[in-house]
Amino acid sequence: MKTSSGRPPVWSYWIVLPSFVLLWMLVAWFIQSPLLPTPLNVLDTLVRESASGELWHHLGATLGRVVVAFIVAMALGTAIGIVMGRSRTTNALFDPLLVLMLNLPALVTIILMYVWFGLVEVAAVTAVVINKVPNVAVTVREGARSLDYRLEDMATVYDFTRWQRFREVWVPQLFPYLMAATRGGLALIWKIVLVVELLGRSSGVGFQLHMAFQVFDVAAILAYSLAFIAVVQVIELAVLQPLERRSSRWRQPEAAHA
Amino acid sequence: MLELRIAGRDFGQPVLGEISTTIERGDRICLLGPSGIGKTTLLNAIAGLDKTMPAEAVHGRDGIRVGYLFQEHRLLPWRTLEANLQLVGATELEAENYLGQVGLRGYGRYLPDQLSLGMARRAALARCLAVKPDLLLLDEPFASLDPVMAGELKALVGTLLDAHPGMAMICVTHDGADAKILANRLWYLDGKPARLQWDEPVGEPRLIEELLGQLRKPELSV
């Protein structure tokens, strides 16, 4: 993170997490229990699962569900958020429903979807989408409410098409809100996907956790969780951060003639 | 070209009264009046930004192109000048050309916030030209510029008007001197609700001052 005195030194990123792993290692060696494997045990399991192909199969299944649920939830939530943020009447009509959906426990949605539609893929992904859409809608609605009316007038005078208005006027203003929804969304969605898999799918990280739980295989539980955390981290570093840098460049242009 | 038949406009209390007049091609109108009287309200109504007004209040607007220079530049801050001009329909070459006309040749790749206030306003003026307007609306184009920049911009607007004789212009200002340079017709908006107290072609330049002196007198006595 940036402070007023500039960037902190690089080594400061490499203190707390390695210390934590070291502590884990010491405690694990000290108590010598299969219920707390050492980091090396976990790494061992990770390598074994990866070599057998199991890891990639389940990781892929989970990632696929996360991606589909994420795209659908973002698209729906953004549309609902914009409409509710732009129209007071629509907002008044649907706000109570939105609050209800926001507070509906994820577990309830998942159980109901499985009960009503059976243990199928569509029910699983739909349950995740229903859980996420209200969060996106609420965040984007905040952004849609604060759209600059002066740029709206400008777009009206200059006959912007609907697409131009959306792409050129709204999206850049909504970008910070979409980014917040994306970050929160990714974290929330993959956690819900695991529950969905645990309750009613026969593939994915959640399914594997379920199997490991039945035999108290803590090393496998940690190995699979860490693998997926790594995937999310890669998405953050490879997709989200570059996207954010590119889209925010206009905010701090080098002053040329100011 | 345009026929105004505005019945009135109020924001809680009446602001604009009945206004009916016509605007012809080549009209260069300076809209004067005390501050807060409703000049921008009238300009927005003419531009079609006032959704509460029926479409026939500004008869003939559908067929014409409008360029509006707002008080703030209102360029998209996340797009370069070039892209801002292209968004309203200019080609890349035309965009460069219009920027050249307002003295910003070579600035196409700059972002609006990298420019000074005067330059940004000129860039916004270039965008007005890029729609090849039949009607140019200017809302206090010379406000908050230093005298030198204001003078340059005034001369620039004059040149552009001469280059496009078929274009009509309405320029909101409260400086009678602007009218002397730019206008061939004068509107004076005043009253509660505000009406056009004066709507005549401009004669001798020095008459403008006398006229404004007369029009502004009642204001002082209130």
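**A look at the overall build of chain A**
Phase 1 of the analysis: Counting its secondary structure elements, chain A contains ten helices and zero strands.
Phase 2 of the analysis: Dimensions along the principal axes, computed over C-alpha positions, put chain A at roughly 70 × 55 × 30 Å.
Phase 3 of the analysis: When the 20 positive and 16 negative side-chain charges of chain A are each reduced to one mean point, those points stand 5 Å apart.

**Considerations on the interface of chain B and chain A**
Phase 1 of the analysis: Between chain B and chain A, the contact holds 27 residues from the first and 20 residues from the second.
Phase 2 of the analysis: Summed over both sides, the interface between chain B and chain A buries roughly 2,100 Å², with carbon and sulfur atoms accounting for 66% of that surface.
Phase 3 of the analysis: Among the residues chain B hides against chain A, the three largest losses belong to R74, W78 and Q114 of chain B. Together they make up 31% of the total.
Phase 4 of the analysis: Put simply, chain B and chain A have one salt bridge between them.
Phase 5 of the analysis: Residue assignment for the side of chain B that touches chain A shows that the elements contributing at least two residues are β7 (66-69) and α4 (117-130) of chain B.

**Observations concerning the pairing of strand β10 (residues 185-190) of chain B**
Residue and element names in this part refer to chain B.
Phase 1 of the analysis: Counting buried residues in β10 gives six out of six residues, a clear majority hidden from the surface.
Phase 2 of the analysis: Inspection of the sheet shows strand β5 (residues 28-32) paired to β10 by four bridges, in the parallel sense. Bridged to I29 within β10 is R185.
Phase 3 of the analysis: Where β10 and strand β11 (residues 195-201) come together, six bridges link them in antiparallel fashion. Its bridge partner lying in β11, W187 is registered against D199.

**Quick look at the confidence of the model for chain A**
Keep in mind that low pLDDT regions are not for reading the predicted coordinates in detail.
Phase 1 of the analysis: Per-residue confidence for chain A gives a mean pLDDT of 91; residues scoring 70 or more make up 96%.
Phase 2 of the analysis: Least confident of the elements in chain A is helix α10 (residues 218-247) of chain A, whose mean pLDDT is 91; most confident is helix α4 (residues 88-102) of chain A, at 96.

**Brief notes about α10 of chain A**
All names here are of chain A.
Phase 1 of the analysis: Here α10 is 30 residues long and its end C-alpha atoms lie 42 Å apart, about the 44 Å a rise of 1.5 Å per residue gives.
Phase 2 of the analysis: The largest bend in α10 amounts to roughly 35° and is located at E236.
Phase 3 of the analysis: Looking only at α10, the buried set comprises V218, A219, A220, A223, Y224, S225, A227, F228, V231, V232, E236 and L240.
Phase 4 of the analysis: Contacts from the buried residues of α10 go to α2 (39-52), α3 (54-86), α8 (162-200) and α9 (205-214).

**Some points on empty space enclosed by the protein**
All names here are of chain B.
Phase 1 of the analysis: In this structure the tally under the stated criterion is one cavity of 30 Å³ or more.
Phase 2 of the analysis: Of the voids in this model, the largest cavity is the one considered here, and its volume is about 40 Å³.
Phase 3 of the analysis: G118, R122, L145, M149, E152 and L153 are the residues that line the largest cavity.
Phase 4 of the analysis: Listed by contribution, the elements that provide at least two residues to the lining of the largest cavity are α4 and α5 (147-163).
Phase 5 of the analysis: Per-element tally for the lining of the largest cavity: the top contributor is α5, with three residues.
Phase 6 of the analysis: Residues belonging to the lining of the largest cavity are distributed by class as follows: three nonpolar, one polar and two charged.

**Considering a nonpolar patch on the surface**
All names here are of chain A.
Phase 1 of the analysis: On the surface, L107, V108, I111, L112, V115, W116, F117, V120, V122, V195, L198 and L199 cluster together to form a nonpolar patch covering roughly 1,100 Å² of accessible area.
Phase 2 of the analysis: Counting only elements with at least two residues in the nonpolar patch, the list comes to α5 (106-117) and α8.
Phase 3 of the analysis: Per-element accounting of the nonpolar patch gives the leading share, seven residues, to α5.
Phase 4 of the analysis: By the secondary structure assignment, L112 is in helix α5.

**What about the pattern of salt bridges?**
Residue and element names in this part refer to chain A.
Phase 1 of the analysis: Following the criterion strictly, the structure yields 21 salt bridges over all chains and no others.
Phase 2 of the analysis: As a salt-bridge pair, R65 and E121 come within 2.5 Å of each other at their nearest N and O atoms. One end of the pair, R65, is in helix α3; the other, E121, is in helix α6 (residues 121-145), and 56 residues separate them in sequence.
Phase 3 of the analysis: Overall, R65 belongs to the buried group, its relative accessible area being 7%.
Phase 4 of the analysis: For E121, a relative accessible area of 31% puts it in the partly exposed group.
Phase 5 of the analysis: With a shortest N-O distance of 3.0 Å, E244 and R183 are connected by a salt bridge. Pair noted here: E244 is in helix α10 and R183 is in helix α8, with a separation of 61 residues, a long-range link.
Phase 6 of the analysis: The class for E244 is partly exposed, based on a relative accessible area of 27%.
Phase 7 of the analysis: Salt bridges linked by common partners bring R65, E121, E197 and R201 together as one network.

**Considering the sheet that holds strand β8 (residues 135-139) of chain B**
Residue and element names in this part refer to chain B.
Phase 1 of the analysis: Sheet architecture is open: six strands sit in the order β7-β8-β9-β5-β10-β11, paired in mixed fashion. This sheet does not close on itself; its edge strands, each paired only once, are β7 and β11. On average, adjacent strands in this sheet sit at an angle of 15° to one another, irrespective of strand direction.

Definitions and cut-offs
Residues numbered from 1 in each chain as written. Chains lettered and ligands numbered in written order. Predicted model: local features only at pLDDT ≥ 70, side-chain atom pairs only at ≥ 80, totals over all residues. Heavy atoms only, no water. Helix = DSSP H or I, 4+ residues; strand = E, 2+ residues; numbered from the N terminus. Lys, Arg positive; Asp, Glu negative; His and termini not counted. Charge placed at Lys NZ, Arg CZ, Asp CG, Glu CD. Contact = heavy atoms within 4.5 Å. Buried area = accessible area lost by both parts, 1.4 Å probe. Salt bridge = Lys/Arg side-chain N within 4 Å of Asp/Glu carboxyl O. Buried < 20%, exposed > 50% of the residue type's maximum accessible area, 1.4 Å probe, protein only. Pairing = 2+ DSSP bridges. pLDDT = per-residue confidence, 0-100. Expected span 1.5 Å × (residues − 1). Bend = angle between axes of the 7 residues up to and from the residue. 1 Å grid on protein atoms, 1.4 Å probe; cavity = no way out; pocket = protein on both sides within 12 Å on 5 of 7 lines; lining within 4 Å. Points joined across faces, edges and corners; volume = space filled by probe spheres on them. Nonpolar A, V, L, I, M, F, W, Y, C, P; charged D, E, K, R; others polar. Patch = residues over 30% accessible without salt bridge, like charges linked within 9 Å, V, L, I, M, F, W, Y side chains within 5 Å. Areas by Shrake-Rupley, 256 points an atom, 1.4 Å probe, with all protein chains shown as cover. Axes fitted to C-alpha atoms, helices over the stretch in contact; angles between N-to-C directions.

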